[in-house]
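# Structural description and commentary
Chain by chain, the residues run as shown.
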Amino acid sequence: QQEDSIIVDEVATLKKRMIEPNVSKKKMKEFLIRLVYVEMLGHDASFGYIKAIELAASKNLVQKRVGYLCSGLCLAPSHEFRFMLVNQLQQDMASANFLEVAAALSAVNRLATSDMIPALVDRVVKLGTHAKELVRKKAAMALHRFHQLDPAAVAHLGDAMRRTLCDKDPSVMAAALCLLHDMIQTKPSGFKELVPSFVSILKQIVEHRLPRDFDYHRIPAPWAQLRLLRILAHLGKADQAASEGCYEVLSDCMRRADAGINVGYAIIYECVRTVTAIYPNATLLDEAARSISRFLASENNNLKYLGITGLARVVESHPKYAAEHQLAVIDCLEDVDDTIKRNTLDLLYRMINPVNVEFIATKLLQSLESSTDEFLRKALVSRLCVAAERFAPSNEWYVATVIKVLELGGDLVPPDVAQTLVALVAEGSPDDDEGPEGWDALRGSAVASFSSMLEWESVPDALLHVMAWVLGEYGDLVEAIEPPEPPADDDEETKEPVVYTLPSLTLAVLDLCADDARLRGSARSRALLVTAATKLAARVVVDADAAALDETNAVRFKAEAVARRFASSQDLDLQQRCIEFLGVLALAPGASPAANGDADVLADALPYDASLEDPLEGAAADDALAFLDKFVASALAAGAAPYAPPRDDDDDDD
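Owing to the predicted nature of the structure, the values given are computational and were not obtained by experimental measurement.

For the rest of this paragraph, the subject is the overall build of the protein. The helix and strand tally for the protein stands at 33 helices and two strands. When each of the 654 residues of the protein is scored for burial, the buried share is 45%. Of the contacts formed within the protein by residues at least 6 apart in sequence, a portion of 65% connects residues at least 24 apart. Entry remark: accessible area of the protein is about 34500 Å², with carbon and sulfur atoms responsible for 51%.

Here's what the structure looks like:
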């Protein structure tokens, strides 16, 4: 508030003083400088704009430059006062005093609009041949500004810029590079013949043939080098002939830039970008990968970021360089800088191939387990899911990896990933040549993984849904699983893994179904577990024998208790599944003295591994649809045409 009060007083003073008669131009210059500060602090100073226009017409060079400066800083691009300066700019550009010409060209860069270009462009082009290098440089800068405002307005000036490229003054040549870069970026084919010229200029710069005035920390003209490298990248892209002329100078530039300072590192990075953009050369790519990879081990986070980004460009187009540096890249995942972690993740994703997918996926899973950043975890889950689907060495590895991702990622895992996992377990992979035996091994592996989770204190909902389906469909395979080896150490606190039979597995599923704490009140998870328990319990009672009567009765009693408990649930889906569960149990042999249990009915109602079968397919279809016979007979009696099956005909009808 105190600052605003001071500025308000200053505005009042300026309004009063600037309209006084006979104010000297020297005093007006001071007023305009104060006016600029008023604008900088967010206050309206439009009352003084016209004075800036007037001062730009002063014969005094300092006052003229202040007028132009104030106009450029304060006038909006659409302000009508800008057009009042066109005539003054034209006069100053025609002045015999080169300092006035330079001041006008500087003002053009700040004040020009696309509507002003036709009135100014011809004069600016003529100044490109001025005797003074300062004027020629500013003319090149003004043409670049015109190109930014309206590329079509200077599209015809390609030949003039080619001549400027050969200017004897390096500063003029460097200024021309900016406009040429933008024009080449738009249409590189029109400048292919300039490749030798650009290579020659870059070679002269690298070999220190320019005056020492252009050095920056002993690096010759670094900004011109960066611009030339970007130009060569555009011109050499997908052009072997143009690229071959660049190889030697790129290698020399990369080697000489390694001077241990930041601007040198910037040139190395730009060299790497250029090497990866042009037609590939094995020797140059090796040198680029070697140069950029050194940054990965740096303690400086900026250099480490540069190394990750540069190596990502190399690996993107030439994946063979990934294996050599993957350990150094993986170490970057442990960095405390979040930006480096995210870029490392992107680089690792580009480096994954069928050979290293297991190693890199393991490291990504470790990072997912330890990370607390929600955005990083989401990116890790996404990358892991895609990599597992694209590069999985086997179905078993894919199933184990996705289960681990579901365990660690929980709700961050897209639903379609769980669907893919279920489909793979159910039907196998299209290129799986192992047949049914291989499928049973895959399913057994999945059952072993999920059965070990039944004792966990907490299971993510997404993983719990898949677990319920797999155990319900293929829980019978639990008895074929080899018992895991006991722990290597003698630590008493280490729990021995549970070895399940089908009845004990069913009881464990029922216990989980009834456990409110572990399910966290999820009705959907409980409903799926009820269905899994229904399938398992049906197989237990169907396959029961006298030796396992106690286990069968325990399953039946536990199942009835769970089903009755939730048969009156407010969730209709859960309620319906529990009532169906009770109906299944009523069909079981020995369910009650009055019930006629029928094992065949249960086997038909809940068959093993029938998730992919269509009950209306094959010879049983007619029997399944027999209830429609009376409707068909009634329609025929009313004159309907009998059903005619489609006739297979190989001849195409025109």
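To continue, consider helix H19 (residues 338-351). Taking 1.5 Å as the rise per residue, H19 with 14 residues should run 20 Å; its terminal C-alpha atoms sit 20 Å apart, in good agreement. Along H19, the residues classified as buried are Ile-340, Lys-341, Thr-344, Leu-345, Leu-347, Leu-348 and Met-351. On its buried face, H19 sits against helix H17 (301-317), helix H18 (322-331), helix H20 (357-370) and helix H21 (374-391). Measuring from the backbone nitrogen of Thr-339 back to the side-chain oxygen at the start of H19 gives 2.9 Å, which picks out Asp-337 as the cap.

The biggest cluster of nonpolar side chains holds 195 residues, and the ones touching the most others in it are Phe-146, Phe-198 and Phe-450. The leading source of residues in this core is helix H28 (residues 523-542), at nine residues. In this view, Phe-450 contacts Ile-403, Leu-463, Val-466, Met-467, Val-470 and Leu-471; residues no more than four positions away in its chain are not counted.

For the structure shown, the criterion picks out 30 salt bridges. Close ionic contact of Arg-256 with Asp-252 constitutes a salt bridge, the shortest N to O distance being 2.9 Å. Note that Arg-256 and Asp-252 are positioned in helix H14 (residues 247-257) at a spacing of four residues, about one turn of the helix. The partly exposed category is assigned to Arg-256, whose relative accessible area is 43%. For Asp-252, a relative accessible area of 13% translates into the label buried. Where Arg-539 meets Asp-476, a salt bridge forms, and the shortest distance between an N and an O atom there is 2.6 Å. One end of the pair, Arg-539, is in helix H28; the other, Asp-476, is in the loop between helix H25 (461-474) and helix H26 (502-514), and 63 residues separate them in sequence. With a relative accessible area of 7%, Arg-539 lands in the buried category. When salt bridges with common partners are traced through the structure, they connect Asp-159, Arg-162 and Glu-193 into a single cluster.

Moving on, we come to the packing of aromatic side chains. Applying the stated criterion to the full structure yields three aromatic pairs. Look at Tyr-216 and Trp-223: their rings are 5.8 Å apart centre to centre, the planes differ by 45 degrees, and that puts the pair in the tilted class. For Trp-223, a relative accessible area of 56% translates into the label exposed. With a centroid separation of 5.8 Å and 75 degrees between ring planes, the pair formed by Trp-469 and Tyr-474 is classed as edge-to-face. Residue classification places Trp-469 among the partly exposed residues on the basis of a relative accessible area of 23%. Since its relative accessible area comes to 0%, Tyr-474 is described here as buried. Above the plane of the ring of Tyr-349 lies Arg-383, whose end atom (NZ or CZ) is 5.0 Å from the centre.

What follows deals with the environment of Cys-385. Counting through the fold element by element, Cys-385 comes out in helix H21. Residues Cys-385 and Val-417 lie 32 residues apart in sequence; the distance between their C-alpha atoms is 7.1 Å. Contact partners of Cys-385, with chain neighbours within four places excluded, come to Val-405, Val-413 and Val-417.

On to the packing of H17 against H19. Relative orientation of the contacting elements H17 and H19 amounts to 20 degrees, with a least axis distance of 9 Å. Regarding the angle of H17 to H19, the classification is roughly parallel. Here H17 runs over H19; the crossing is left-handed. Along its contact with H17, which presents Asn-301, Lys-304, Tyr-305, Ile-308, Thr-309, Leu-311, Ala-312, Arg-313, Val-315 and Glu-316, the element H19 presents Thr-339, Ile-340, Asn-343, Thr-344, Leu-347, Arg-350 and Met-351. When grouped by side-chain class, the residues that make up the contact of H17 with H19 number eight nonpolar, five polar and four charged.

Once that is clear, we can look at the environment of Val-499. Within the fold, Val-499 resides in the loop between H25 and H26. For Val-499, a relative accessible area of 55% translates into the label exposed. The sequence separation of Val-499 and Ala-448 amounts to 51 residues, and the corresponding C-alpha distance is 9.6 Å.

A separate point is the side chain of Asp-252. Within the structure, Asp-252 has its side chain in polar contact with the side chain of Arg-255 (distance 2.5 Å). Side chain to side chain, Asp-252 and Arg-256 meet in a polar contact 2.9 Å long. In this view, Asp-252 contacts Val-206 and Glu-207; residues no more than four positions away in its chain are not counted.

On the surface, Ile-33, Tyr-37, Met-40 and Leu-41 cluster together into a nonpolar patch covering about 430 Å² of accessible area. With respect to the secondary-structure elements, Leu-41 resides in the loop between helix H2 (25-40) and helix H3 (49-55). You can call Leu-41 partly exposed: its relative accessible area is 41%.

We now examine the side chain of Asp-335. By secondary structure assignment, the location of Asp-335 is in the loop between H18 and H19. Given a relative accessible area of 11%, Asp-335 falls into the buried group. In terms of polar contacts, Asp-335 uses its side chain to reach the side chain of Lys-304, at 3.0 Å. Separated by 2.8 Å, the side chain of Asp-335 and the backbone nitrogen of Asp-337 make a polar contact.

Now for H28. Compared with the 28 Å implied by 1.5 Å per residue over 20 residues, the 28 Å span of H28 between its first and last C-alpha is a close match. Among the 20 residues of H28, 16 are classified as buried, and the element is accordingly described as predominantly covered.

Another aspect to go through is the packing of helix H7 (residues 117-126) against helix H8 (residues 133-149). Running from N to C, H7 and H8 point in directions that differ by 150 degrees, and their axes come no closer than 10 Å. Taken together, H7 and H8 sit at an angle that is classed as roughly antiparallel. Crossing geometry of H7 relative to H8 is assigned as left-handed. In contact with Ile-117, Leu-120, Val-121, Val-124 and Val-125 of H7, H8 contributes Ala-139, Ala-142, Leu-143, Phe-146 and Leu-149.

About the criteria used
- Residues numbered from 1 in each chain as written.
- Predicted model: local features only at pLDDT ≥ 70, side-chain atom pairs only at ≥ 80, totals over all residues.
- Heavy atoms only, no water.
- Helix = DSSP H or I, 4+ residues; strand = E, 2+ residues; numbered from the N terminus.
- Buried < 20%, exposed > 50% of the residue type's maximum accessible area, 1.4 Å probe, protein only.
- Contact = heavy atoms within 4.5 Å.
- Areas by Shrake-Rupley, 256 points an atom, 1.4 Å probe, with all protein chains shown as cover.
- Expected span 1.5 Å × (residues − 1).
- Polar contact = N/O pair within 3.5 Å; in protein donor to acceptor, adjacent residues only side chain to side chain.
- Core = buried A, V, L, I, M, F, W, Y, C linked by side-chain atoms within 4.5 Å.
- Salt bridge = Lys/Arg side-chain N within 4 Å of Asp/Glu carboxyl O.
- Phe/Tyr/Trp six-rings, centres within 6.5 Å; stacked < 30°, edge-to-face > 60°.
- Lys NZ or Arg CZ within 6 Å of the ring centre and 35° of its normal.
- Axes fitted to C-alpha atoms, helices over the stretch in contact; angles between N-to-C directions.
- Parallel < 35°, antiparallel > 145°, perpendicular 65-115°, else oblique.
- Left-handed = near helix turned anticlockwise from the far one by under 90°.
- Nonpolar A, V, L, I, M, F, W, Y, C, P; charged D, E, K, R; others polar.
- Patch = residues over 30% accessible without salt bridge, like charges linked within 9 Å, V, L, I, M, F, W, Y side chains within 5 Å.

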